[in-house]
Amino acid sequence: MDVFPARHPYPHSKMLSFYRREPFFIQAQYADKGHVNSDLGTFTVNKVVPTAEGEASKIKVKVRVNIHGIFSVSSAVLVEKLAQEEEVAAEAPAATEGAAAPAAGAETSSEPMDVDGSAASNTDGAAPAAEGAASNGAAEGDAPKKNGAAEGDAPKKGDSEPPKKKVKVRSHDLPVEAQVLGRSTQDALARLVECENEMISQDRLEKERADAKNAVEEYVYEMRDKISSQLSQFVSEQQQEQFSAVLTAMEDWLYEDGEDVSRQVYVDKLAELQKTGEPIKMRAREFEERPGAFDTLGKTIVHFRKIVDRYAQKDEQYAHLTDDEMKSVSGHLENKQQWLHVRMADIAKINKFDNPPFLASAIHSERAALENLCNPIVNKPKPKVEPPKETKPAEQPATAAPEAEATPEDQGNGSGAGAGAAPPEPMDVDLD
């Protein structure tokens, strides 16, 4: 079988179908026998079994030529047919006369189908109509419109057809074993992968060893330079000479006996140097951070003292606080002020190359403790004072104004004005 002829476009895949009862193999070769070796490989499809009836199973094999022009069997599946009985619904009466009879062997669906008055069409494109059945619009046997089928062939009303079988398929993946010319076997590939993993592990260990050696070398150069310059005031002369000798000896060891040792040896050597060098760095760091920590604590104490003074001056902002609360704040301030004076005196007694009796972090902790004690008191909100409720005066019922009674003069004038109308004004008349 010529699957991929010459000059066939690639990459490309094709599906081949076989009928087999047992495992089989596919031999792939070049169609042109002019090659030195025309064999491409042998691909064995395993776990092939016959059908339940003992017949050959349908096997679909997908073959592919990839973008590099290499042939391979991508996959293989066994197609299993599953027959499932389904009840056929009773035929509904035709909406109009002249409907065609159902096609024999056509798949029927259990889902309802809309009929628009014309003959129902076979949507599956199935087999032709049954023998003797008149198809809709056939040239032969134009039946009367009232019958819609040939005489004697139309099923009688009420007759039921036997259940029909709807075929379903299920696919099972099959393993494919490839034996390609020039390709290593699975065992050989596994050995090569294991060997590669070992080399990767060795490279990682070698890198870690080299990094540890470089760390020792960098520390030697760094400390030997700094103890004679920026860290010189934080190390005594005697300690500087001793540490310099140790650093020089470590440098000589690195380029002689320590040229090729394990990573752990370098780690231990670095830890040995850090026991002397890190305290020197710590003293320099504390010398820089300590003044700022003292200043921050002093400002915090001054801040709360101002609040105590404002309370003593009857400041409206702190008038809601009690005397006991402010006495508690004053007591905390005295304690911290005393602690600050003592610690500053201790620092003044030591040299720069001596380890400090406490760290700057302890000063920050004391400041935070003072704030936690005083802030809840001085920041206590004022109690809310509810405004007095406004009382509305009781509404008095409105009284109607008394009507003015008409005077006899008003009645005599015969004017139509109502009660309370003003009398007419006198008029001046000139008599000639």
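See above for the structure.
Owing to the predicted nature of the structure, the values given are computational and were not obtained by experimental measurement.

Novice: Help me get a handle on the nonpolar core, residues and values and all.
Specialist: Membership of the largest hydrophobic core comes to 23 residues, with the highest contact counts inside it found for Phe304, Val329, Leu333 and Ile363. At 8 residues, helix H3 (residues 263-312) tops the list of elements feeding residues into this core. The residues contacting Phe304, other than those within four sequence positions of it, are Leu333, Leu370, Glu371, Cys374, Asn375 and Val378.

Novice: Go over the pattern of salt bridges with me, naming the residues and quoting the values.
Specialist: By the definition in use, this model includes 15 salt bridges. The salt bridge involving Arg224 is made with Glu251; its shortest N-O contact spans 2.5 Å. Taken together, the positions of Arg224 in helix H1 (residues 186-226) and Glu251 in helix H2 (residues 237-254) put the pair 27 residues apart, joining distant regions of the chain. Judged by its relative accessible area of 27%, Arg224 falls in the partly exposed class. Using a relative accessible area of 17% as the deciding quantity, one classes Glu251 as buried. One salt bridge connects Arg310 with Asp315, and the closest N-O pair in it is separated by 2.8 Å. For Arg310, a relative accessible area of 32% puts it in the partly exposed group. Each of Glu222, Lys226, Glu278 and Lys281 takes part in a single network of salt bridges with overlapping partners.

Novice: An account of the environment of Lys336 is requested, with residue identities and associated values reported.
Specialist: Relative to the helices and strands, Lys336 is located in helix H4 (residues 323-349). Overall, the relative accessible area of 14% leaves Lys336 in the buried class. Measuring from C-alpha to C-alpha, the distance between Lys336 and Gly298 comes to 9.1 Å, with 38 residues separating the pair along the chain. Ignoring anything within four residues of it in the chain, the contact list for Lys336 reads Ile301, Glu366 and Leu370.

Novice: Describe the packing of aromatic side chains, listing the residues and the values that go with them.
Specialist: All told, the structure shown has 7 aromatic pairs when counted by the stated rule. Look at Trp253 and Tyr266: their rings are 6.0 Å apart centre to centre, the planes differ by 70 degrees, and that puts the pair in the edge-to-face class. In this pair, Trp253 is assigned in helix H2 and Tyr266 in helix H3, connecting sequence segments 13 residues apart. Relative to Phe358, the ring of Trp339 has its centre 6.3 Å away and its plane inclined at 55 degrees; by these criteria the two rings are tilted. With Trp339 in helix H4 and Phe358 in the loop between H4 and helix H5 (360-378), this pair connects stretches of sequence that are 19 residues apart. Three or more aromatic residues joined by ring pairs form one cluster here, namely Phe4, Phe43 and Phe71. Directly above the ring of Phe24 sits Arg20, whose terminal nitrogen or CZ lies 5.2 Å from the centroid. In this structure, Lys269 packs its charged tip against the face of Trp253, placed 4.9 Å from the ring centre.

Novice: Before we move on, could you go through the environment of Ile227 and cite the residues and values that matter?
Specialist: Within the secondary structure, Ile227 is located in the loop between H1 and H2. Take Ile227: its relative accessible area is 1%, and that puts it in the buried class. Ignoring any residue separated from it by four or fewer positions in sequence, one finds Ile227 in contact with Ser232, Val235, Gln240, Phe243, Ser244, Leu247 and Ile280.

Novice: Go over the pairing of strand E3 (residues 39-45), please, and point to the residues and values.
Specialist: In the sheet, strand E2 (residues 24-29) pairs with E3 via 6 bridges, with the strands oriented antiparallel. Counted as the bridge partner of Ala28 is Gly41 from E3. Relative to strand E7 (residues 176-180), E3 is paired through 5 bridges, and the arrangement is antiparallel. In the strand pairing of E7, Thr44 is matched with Glu177.

Novice: If you had to explain the sheet that holds E3 to someone new, which residues and values would you point to?
Specialist: A sheet is described by the order of its strands in space; here 3 strands give the open sequence E2-E3-E7, paired in antiparallel fashion. At either end of the open sheet lies a strand with only one pairing partner, and these are E2 and E7. Within the sheet, the average angular offset between the axes of one strand and its neighbour, ignoring direction, is 15 degrees.

Novice: Summarise the packing of H1 against H2; cite the residues concerned and give the values.
Specialist: Contact geometry for H1 and H2: axes closest at 10 Å, N-to-C directions at 145 degrees. Like other packed secondary-structure pairs, H1 and H2 cross with a definite hand, here left-handed. The residues of H2 that touch H1, namely those facing Lys213, Val216, Glu217, Val220, Tyr221, Met223 and Arg224, are Phe243, Leu247, Thr248, Met250, Glu251 and Leu254. Tallied by class, the residues present in the contact of H1 with H2 amount to 8 nonpolar, 1 polar and 4 charged.

Novice: I'd love a proper account of unusual backbone geometry, names of residues and values included.
Specialist: Note that the residue after Tyr10, namely Pro11, is joined by a cis bond; omega there is 5 degrees. Residue position: Pro11 is located in the segment before strand E1 (12-20). Although it is not a glycine, Lys47 sits at a positive phi angle of roughly 60 degrees. The topology assignment puts Lys47 in the loop between E3 and strand E4 (57-65). Phi at Lys314 is positive, roughly 60 degrees, even though this residue is not glycine. According to the relative accessible area criterion, Lys314 is exposed, its value standing at 72%.

Calculation criteria
- Throughout, a residue's number is its position along its own chain's written sequence, starting from 1.
- It should be noted that, the model being predicted, local features are given only for residues of pLDDT at least 70 and side-chain atom pairs only at 80 or more, the latter also being counted only at that level, while totals for whole chains, interfaces and linings use all residues.
- Excluded from the side-chain calculations are hydrogens and water; all other atoms, namely the structure's heavy atoms, are used.
- By convention a nonpolar core is built from buried Ala, Val, Leu, Ile, Met, Phe, Trp, Tyr and Cys residues, the set being connected through side-chain atoms within 4.5 Å.
- Accessibility here uses a 1.4 Å probe with only protein chains present; expressed as a share of the type maximum, an area under 20% marks a residue as buried, one over 50% as exposed, and anything in between as partly exposed.
- Helix and strand assignments follow DSSP, with helices taken as H or I runs no shorter than four residues and strands as E runs no shorter than two, numbered in order from the N terminus.
- What makes two residues a contact is simply this: any of their non-hydrogen atoms within 4.5 Å.
- Salt bridges are defined as contacts in which a side-chain nitrogen from Lys or Arg sits within 4 Å of a carboxyl oxygen from Asp or Glu.
- Think of it this way: a Phe, Tyr or Trp ring, Trp meaning its six-membered ring, pairs with another when their centres are within 6.5 Å, and the plane angle makes it stacked under 30 degrees, edge-to-face over 60, tilted otherwise.
- We count a charge as sitting over a ring when the NZ of a lysine or the CZ of an arginine lies within 6 Å of the ring centre and within 35 degrees of the ring normal.
- Strand pairing is assigned whenever DSSP detects at least two bridges linking the two strands.
- A fitted line through C-alpha atoms represents every axis, and for helices the fit uses only the stretch in contact; the resulting angles, taken between N-to-C directions, go from 0 to 180 degrees.
- Crossings are sorted by hand: turned counterclockwise from the far helix by less than a right angle, the near helix makes the crossing left-handed, and turned clockwise it makes it right-handed.
- When residues are grouped by polarity, Ala, Val, Leu, Ile, Met, Phe, Trp, Tyr, Cys and Pro land in nonpolar, Asp, Glu, Lys and Arg in charged, and all others, Gly among them, in polar.

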